[in-house]
Amino acid sequence: MSETIAYILSLVNETFASAIVIVSASMLLYNLSRNQQSGVARTSALMLGCITVIYVCDVLIALDPSMVTYRAILRIQWIGIAFMPVAMVHLSDSLLATTGQPSRGRRRRVIRIFYVLSAAFLLLAAFSNLLIVPVNIAPEFFSGAFYSVSSGVLFPVYVVYFIIATVFAWVNVGRAAQRCLTRSTRRRMRYLQLALLTPALGSFPFAVVLGPGQEYSLLGLLLVNVANLVIILLLVFLAYPLSFFGSRVPDRVVKTELLRFLLRGPMTGLIALVTILYVTPATRILGITGASFAPFAVVAVVLLWQWFVSIALPYLEKWLVFAADERDQFTRLQTLTDKLLTREDYVQLLEATLAAICDYLRVPTAFVVSLLESEPEIIAAVGPVRPNVTKLRDEAALLREQLASAEEAQLVVWNGFWAAPLNRRDSTGRQVPIGILAIQARGNDIDLTADEQVELARFLRRADQTFEDLSVQTDILSALEGLLPQIMLSADTRGEIEYRTPSVTLPAPAHQPALPPDLADAEQFKEQVRAALRHYWGGPGLTNSRLLDLNIVRHGPSSADENPTQTLRGLLLKAIDAQKPMTDRKMLSPEWTLYNILELRFIKGEKVKDVGVKLAMSEADLYRKQRVAIDAVADTLMEMEMASLKEESA
């Protein structure tokens, strides 16, 4: 009976150790993939790496290695054990630095000393018996050769070092929690202070303290299993507050990403692992070979788990991520995400409708023309025939008037085509044409039968709704182009208000005037310029731009009638004019390319396709050179701002 219990406890211990490896390695990769620039992410990765090394060695020992390999693993395990104390201290220092209390030298020197001590303990464990001594044991409930470790003469020194480092890290995180300004960040910091017990509990070599072989007794196995279970729970608990540090997205997004990662990553790995470990004992009862059945069992379990996650995830997000008063908003956001389509999706829907019309009316060609811009544009077409673009442009106003007076499904004859209006209601409720659906005429007169008129009216309503949705979504995306840079800046600067500022603020050098905080980052500045150019003639990218805080804008209006938005537009035009070469203008001259792109795309508002034709370049090449041109405008604006600040400070 005792042997059976010992076998079960040993199998459970192997499962828990493997689970810790999966969870810690997954969280290490998750933190590094999200924000490699964050000091908290890097130092937490070091700590999680130490845990991973320790428990990978435990898993390898369970695989019944040779005696030489067994002893080597016991020493290699000290890579994680030796460096865990300094990893905790380094993480606590990074957390304290996020609250505006960076190291001024003392903490940094202490951390370096701790790294030297950890390296020394690792060398002692790897190449001598002064710290640990591998000993051969014979467990009561297990057959075969086993090794354990006993303490060397310097092991008490490591214990003192471990205790000092743990207390030091605990105190640092406590100081960080006291410095937090907001309730949420203080709560998360307290969570982290408690979660520091995870590496301390998981890395300390309790087997050395208990005595050689005690970890294989029934009591030792039970205690190890309980400790491993607690470590798994604390690792997940540790992942929650660590995910918020250095994040540039709202808390809701952080929680959602973490929930999805845990369910689709570590949980999937754990379920596959449990299936592999327990399918062999289970199949013995059924009389099936476990090695043959295991692959099918793993595939089946993983597929069932993914199916369950896809069904349960929306409900889990709704109840675990959103507060009660936000759940309706979450439902609307999900609905909006599901309903939003790309421009290409809408074009494909229009082309499908046009193809159905051609098949039903037995005509070879149909197309849709947009009247939303200053000039008509063919956005979807099927068949070999296209209208004369010049004639379409010249007669667009007349055709618009004819369509405005036409009733639903009433066709207008135009240049060998039958044209029908695509309408949208304006603010007064009146139907106004926003597009044209044209089909190649079957003759000089409209000879549709009654059934064909009914079907054509149905197709027109479908095309009308699709085109109206396309125009509405275009307006939404156009507004978002200007708003997203402002939203990103708000997210980037969110962490700055959650902590106390440093007690000593170093003044900026006199030769380097300071930009507004939101625009100090070069990439953010260029993104603001990009949004302002996209909305050059009006829109949130210009009217809500953080560029309005620039010194050249605030002190720029030359007359009382000029507002800051007009001033910014004038400065953008000045920066664009600065890109003109000194030579005579030529549309296809390489040195005029940047200025031509800026003028045609933003000042004149022409479409990418038309600009590409005028400049004889592909759309991909045009987009690449457009980015270069926008960066040049941003650099010019930056130079103008720095010159203004220097002049003001002189």
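Before reading further, recall that the structure is shown in the block above.
Residues numbered from 1 in each chain as written. Predicted model: local features only at pLDDT ≥ 70, side-chain atom pairs only at ≥ 80, totals over all residues. Heavy atoms only, no water.

A. Region of interest: the overall build of the protein chain. The secondary structure content of the protein chain amounts to 25 helices and 7 strands. The proportion of buried residues among the 650 residues of the protein chain is 46%. Nonlocal contacts in the protein chain, meaning residues at least 24 apart in sequence, comprise 68% of its contacts between residues at least 6 apart. For the protein chain, the exposed area adds up to about 33800 Å²; of that, 60% sits on carbon and sulfur atoms. (Helix = DSSP H or I, 4+ residues; strand = E, 2+ residues; numbered from the N terminus. Buried < 20%, exposed > 50% of the residue type's maximum accessible area, 1.4 Å probe, protein only. Contact = heavy atoms within 4.5 Å. Areas by Shrake-Rupley, 256 points an atom, 1.4 Å probe, with all protein chains shown as cover.)

B. Inspection of the pairing of strand 4 (residues 377–382) at higher detail. Counted residue by residue, strand 4 has 5 buried out of 6 residues, so it is predominantly covered. By the bridge criterion, 5 bridges tie strand 3 (residues 366–370) to strand 4 in an arrangement that is antiparallel. Within the sheet, the bridge partner assigned to Val368 lies in strand 4 and is Ala380. (Pairing = 2+ DSSP bridges.)

C. Examining the layout of surface pockets more closely. Its volume calculated, the second largest pocket comes out at about 1200 Å³. Considering the residues around the second largest pocket, the lining is formed by 43 residues, among which Asn13, Asp58, Glu215, Tyr216 and Val224 are closest to the centre. When contributions to the lining of the second largest pocket are tallied by element, the ones reaching two or more residues are helix 1 (2–34), helix 2 (39–62), helix 3 (67–76), helix 4 (78–98), strand 2 (146–151), helix 8 (197–203), helix 9 (206–210) and helix 10 (218–242). Of the residues that constitute the lining of the second largest pocket, the class distribution is 30 nonpolar, 9 polar and 4 charged. (1 Å grid on protein atoms, 1.4 Å probe; cavity = no way out; pocket = protein on both sides within 12 Å on 5 of 7 lines; lining within 4 Å. Points joined across faces, edges and corners; volume = space filled by probe spheres on them. Nonpolar A, V, L, I, M, F, W, Y, C, P; charged D, E, K, R; others polar.)

D. Representation of the side chain of Arg179 within the structure. If you trace the backbone, Arg179 turns up in helix 6 (residues 155–179). Despite its burial, Arg179 remains without a salt bridge, the nearest opposite charge being carried by Asp93 at 11 Å. A polar contact of 3.0 Å, which involves the side chain of Arg179, links it to the backbone oxygen of Thr99. (Lys, Arg positive; Asp, Glu negative; His and termini not counted. Salt bridge = Lys/Arg side-chain N within 4 Å of Asp/Glu carboxyl O. Polar contact = N/O pair within 3.5 Å; in protein donor to acceptor, adjacent residues only side chain to side chain.)

E. Representation of the packing of helix 22 (residues 564–577) against helix 25 (residues 619–649) in the model. Interhelical geometry of helix 22 versus helix 25 gives an angle of 115° and a closest axis separation of 9 Å. Comparing their axes, helix 25 and helix 22 come out roughly perpendicular. As helix 22 runs across helix 25, the sense of the crossing is right-handed. Together, Leu571, Leu572, Lys574, Ala575 and Ile576 of helix 22 and Val633, Thr636, Leu637 and Met640 of helix 25 make up the contact between the two elements. Looking at side-chain class alone, the contact of helix 22 with helix 25 contains 7 nonpolar, 1 polar and 1 charged residues. (Axes fitted to C-alpha atoms, helices over the stretch in contact; angles between N-to-C directions. Parallel < 35°, antiparallel > 145°, perpendicular 65-115°, else oblique. Left-handed = near helix turned anticlockwise from the far one by under 90°.)

F. The arrangement of a positive patch on the surface in detail. Where like charges cluster on the molecular surface, the positive patch consists of Arg104, Arg106, Arg108, Arg109, Arg112 and Arg175. When residues in the positive patch are grouped by element, the largest group, 4 residues, is from helix 5 (residues 106–127). (Patch = residues over 30% accessible without salt bridge, like charges linked within 9 Å, V, L, I, M, F, W, Y side chains within 5 Å. Charge placed at Lys NZ, Arg CZ, Asp CG, Glu CD.)

G. The arrangement of helix 23 (residues 593–603) in detail. Among the 11 residues in helix 23, 10 count as buried, and that is most of the element. For helix 23, every residue scored as buried is listed here: Thr593, Tyr595, Asn596, Ile597, Leu598, Glu599, Leu600, Arg601, Phe602 and Ile603. Downstream of helix 23 by one or two residues, Gly605 has phi in the positive range, about 70°.

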